[in-house]
Amino acid sequence: MDQSLRGFLNTLKNESGELIIVDREVNPVFEIPGIIEKCISHDKNAAFIFNKVTGSSLPLVSNIFASRKRIALALGVKEEELNATFRMREDKRLKPEMVSSGSVQEVLWEGEEVDLSMLPIVTHHEKDGGPYITGGVMVMKDPETGIRNAGMYRHQQKGKNRLGVHFAEVSHSHYIFGKYKKLKRPMPVAITIGAHPLFYLGCLSFVPIGIDEYEVVGGLMGEPLRLVKAKTVDLEVPAEAEIVIEGEIDPYYEEREGPFGEFTRVYGREMMNPIVSVKAITLRRDAYYQDVFSGALEQQLLGGTPRLSYIYKMVRTACPTICDVYMPPSGNCRFICYLAITKRLEGEAKNAICAVFATDPFVKYVVAVDDDVNIFDNDAILRALANRLVPKDNVFLVPEAKGSPLDPTAVKGFLVTKIGIDATKPLSGFREEVGIPGIEEIDLSLLGIL
Ligand SMILES: Cc1cc2nc3c(=O)[nH]c(=O)nc-3n(C[C@H](O)[C@H](O)[C@H](O)COP(=O)(O)O)c2cc1C
């Protein structure tokens, strides 16, 4: 398959309403996110190519991941098949393949030539600490095992050749960086910007430490990810990517980084964080820069999609009859989780809810419903709460459990009160719901209505 971002843009060009191309010059400071947000509010939620961005010669792509339909398109399936397809392919890991050359290295800026201001790095929100690279996948190697680890981390632009980086305490990158600290060695890193959506999704997959996310990318793609050796660090990067930033992180130096508009649509606070010293940038001759609209729908759905797979697989051990999981954007695709189960025993839904809490510390509310409720529809969930829930018996609180430090309600850093809601019907029987006999056979076109 075409493993590039531009290949996927071609797919989008053939889908009505999925890609908007803007030729007028636009400003990377607030204007780009402003245009996208306004379009979404006018029901024009497309991916965007901005061909002319003030201050840079590179075109910019954004908002690729802001719809489940587009994410499904990347997998080559319909939206309804997204969760099941992702879960299945994620487990079919394939080792990557080294190739001798790649278009991502057509151009090399090294040493003094490096200048991050050549890239159209976006400032998304009013109080962000500055421009942030939000569409980068960073790869590093565990210094003890040599196994690669990849993930997305925000990168604040700090001058010509320095980037702030934030590794959350729960991330594998934080754990690996800790090993470099103990060894008193700088950590070599490479940041890929602009790749096929499946590259991003695979690198965000929740696999255990010691599993190379590039293999998950291969599983999602159905073929090995093609890699080239980076030019100045001992790491491998996707051959068909648009841009790669190579550098290293001094384990002993930190600087102020942030604030930053987070997936909660609330600012994350300024903090002390390490710095990537950029050694080289490689890119295609006609490279696209890829932005991920942070603090917005795109970041919510991109990070949320692999989480659904992880939660499903863990809950399935506790409750084999789980049907599907969904976390809606209204809950940041992290904090509110809907579970559909085919309940066999009373109490089973509550166990499944506890399994979600144990699996994903970010989740704050879990609503379990029967398999006849459409968990992708907030109204259907509210109807289940209205009609089927007995709050006295089936709502429980877990005060001050481990939550997300980015949860605006967190106390003492990350403690969050969780609520489990079992809105399944009792197995002993339930009031019959209304039905209209013969509705399936009614043909509205025969009545001249449709
Ligand atoms: C757009 C976006 C930005 C993210 N920014 C960060 C970040 O700055 N720091 C972080 O630790 N995780 C961030 N994440 C989440 C991590 O990428 C994700 O948890 C990943 O699985 C971490 O990989 P690791 O555990 O292998 O290090 C971000 C996710 C997305 C989608």
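This structure is a prediction, so every number in the text was calculated from the model and none was measured. (Residues numbered from 1 in each chain as written. Predicted model: local features only at pLDDT ≥ 70, side-chain atom pairs only at ≥ 80, totals over all residues. Heavy atoms only, no water.)

Colleague: Sorry if this is basic, but what is going on with the site of the ligand here?
Modeller: Near the ligand lie 19 residues; those nearest to it are M152, Y153, H166, A168 and H172. Here an oxygen atom of the ligand sits 2.7 Å away from a polar atom, N or O, in the main chain of A168. Contact between the ligand and H172: an oxygen atom at 2.8 Å from a main-chain N or O atom of the residue. Elements with a minimum of two residues in the shell around the ligand: β8 (148-152), α5 (172-183) and α8 (297-318). With 4 residues, the top contributor of residues to the shell around the ligand is β8. When grouped by side-chain class, the residues that make up the shell around the ligand number 8 nonpolar, 9 polar and 2 charged. Built from parts of two domains, the shell around the ligand gets at least three residues from each of domain 1 (83-293) and domain 2 (299-422). (Near = heavy atom within 4 Å. Polar contact = N/O pair within 3.5 Å; in protein donor to acceptor, adjacent residues only side chain to side chain. Helix = DSSP H or I, 4+ residues; strand = E, 2+ residues; numbered from the N terminus. Nonpolar A, V, L, I, M, F, W, Y, C, P; charged D, E, K, R; others polar. Domains from an automatic or database assignment.)

Colleague: Would you take a moment to explain the confidence of the model for the protein chain for this structure?
Modeller: Interpretation of the predicted coordinates at a detailed level should be avoided for regions scoring low in pLDDT. Confidence in the prediction of the protein chain, expressed as mean pLDDT, is 97, and 100% of residues score 70 or more. Mean pLDDT across the elements of the protein chain bottoms out in strand β17 (residues 267-268) (96) and peaks in strand β11 (residues 187-193) (99). (pLDDT = per-residue confidence, 0-100.)

Colleague: Looking at this structure, how should I read the nonpolar core?
Modeller: For soluble globular proteins, the rule of thumb is that nonpolar side chains tend to be buried together. The biggest cluster of nonpolar side chains holds 52 residues, and the ones touching the most others in it are L9, L12, I64, F199, L201, Y214 and L302. Counting only domains with at least three residues in this core, you end up with domain 1 (83-293) and domain 2 (299-422). Once you skip the residues sitting within four places of it in the chain, F199 turns out to touch V137, T192, Y214, V217, M221, L225 and P238. With 41 residues, the next largest nonpolar core counts F48, L58, V165 and I245 among its residues. (Core = buried A, V, L, I, M, F, W, Y, C linked by side-chain atoms within 4.5 Å. Buried < 20%, exposed > 50% of the residue type's maximum accessible area, 1.4 Å probe, protein only. Contact = heavy atoms within 4.5 Å.)

Colleague: Where do I start with the domain arrangement of the protein chain in this structure?
Modeller: For interface size, the figure often reported is the accessible area lost on association. Under the domain assignment used here, the protein chain contains domain 1 (83-293) and domain 2 (299-422). Using C-alpha coordinates to define each centre, domain 1 is positioned 30 Å away from domain 2. Listed as interface residues are 22 residues of domain 1 and, on the opposing side, 24 residues of domain 2. Of the roughly 2,000 Å² buried at the junction of domain 1 and domain 2 (both faces included), carbon and sulfur atoms supply 67%. One can count 3 salt bridges joining domain 1 with domain 2. The salt bridge partner of K313 is D91, with a shortest N-O separation of 3.0 Å. Between the two partners, domain 1 and domain 2, sit 10 residue pairs in polar contact (both at pLDDT 80 or more). With 4 residues, helix α4 (residues 82-90) is the single largest residue contributor to the side of domain 1 that touches domain 2. Residue classes in the side of domain 1 that touches domain 2 are distributed as 11 nonpolar, 5 polar and 6 charged. (Buried area = accessible area lost by both parts, 1.4 Å probe. Salt bridge = Lys/Arg side-chain N within 4 Å of Asp/Glu carboxyl O.)

Colleague: How should I be thinking about a nonpolar patch on the surface in this particular structure?
Modeller: On the surface, I436, I439, I442, L444, L447, I449 and L450 cluster together into a nonpolar patch covering about 770 Å² of accessible area. Looking at the secondary structure, you find I436 in the segment after β25 (415-422). (Patch = residues over 30% accessible without salt bridge, like charges linked within 9 Å, V, L, I, M, F, W, Y side chains within 5 Å. Areas by Shrake-Rupley, 256 points an atom, 1.4 Å probe, with all protein chains shown as cover.)

Colleague: Hey, could you run me through the environment of V217 in this one?
Modeller: In this fold, V217 is placed in helix α7 (residues 213-221). For V217, a relative accessible area of 0% translates into the label buried.

Colleague: What should I look at first to understand the side chain of N83 in this one?
Modeller: Summarising the element assignment, N83 is placed in helix α4. Looking at N83, its side chain comes within polar contact range of the side chain of D324, at 3.1 Å. When sequence neighbours within four positions are dropped, the list of residues in contact with N83 reads R68, L308, D324, V325 and F376.

Colleague: Explain the pattern of salt bridges to me, please; I cannot follow it from the model alone.
Modeller: Note on pairing: side chains with opposite charge can pair once their charged atoms come close. A complete count under the given rule lists 36 salt bridges for this structure. For E257, the salt bridge goes to R154, with nearest N and O atoms at 2.7 Å. Here E257 is found in strand β15 (residues 255-257), whereas its partner R154 is found in the loop between β8 and β9 (155-157), with 103 residues between them in sequence. For the pair formed by E257 and R154, the shared burial category is buried. For D234, the salt bridge is made with K229, and the minimal N-O distance between the two is 3.3 Å. Taking relative accessible area as the criterion, D234 reaches 52% and is therefore assigned exposed. Among the ionic contacts, a cluster of salt bridges with common partners joins K141, R148, D212, K229, D234 and E236.

Colleague: What exactly am I supposed to notice about the packing of aromatic side chains here?
Modeller: By convention here, two paired aromatic rings are described through the distance between centres and the angle between planes. According to the stated counting rule, one finds 11 aromatic pairs in the structure shown. Aromatic pair F199 and Y200: ring centres 6.1 Å apart, planes at 80°, arrangement edge-to-face. The residues F199 and Y200 share a single accessibility class, namely buried. Between F263 and F362 the ring centres are 6.0 Å apart and the planes differ by 25°, which places this aromatic pair in the stacked class. Here F263 is found in the loop between β16 (260-261) and β17, whereas its partner F362 is found in the loop between α9 (348-359) and β23 (365-370), with 99 residues between them in sequence. The buried category is assigned to F263, whose relative accessible area is 3%. (Phe/Tyr/Trp six-rings, centres within 6.5 Å; stacked < 30°, edge-to-face > 60°.)

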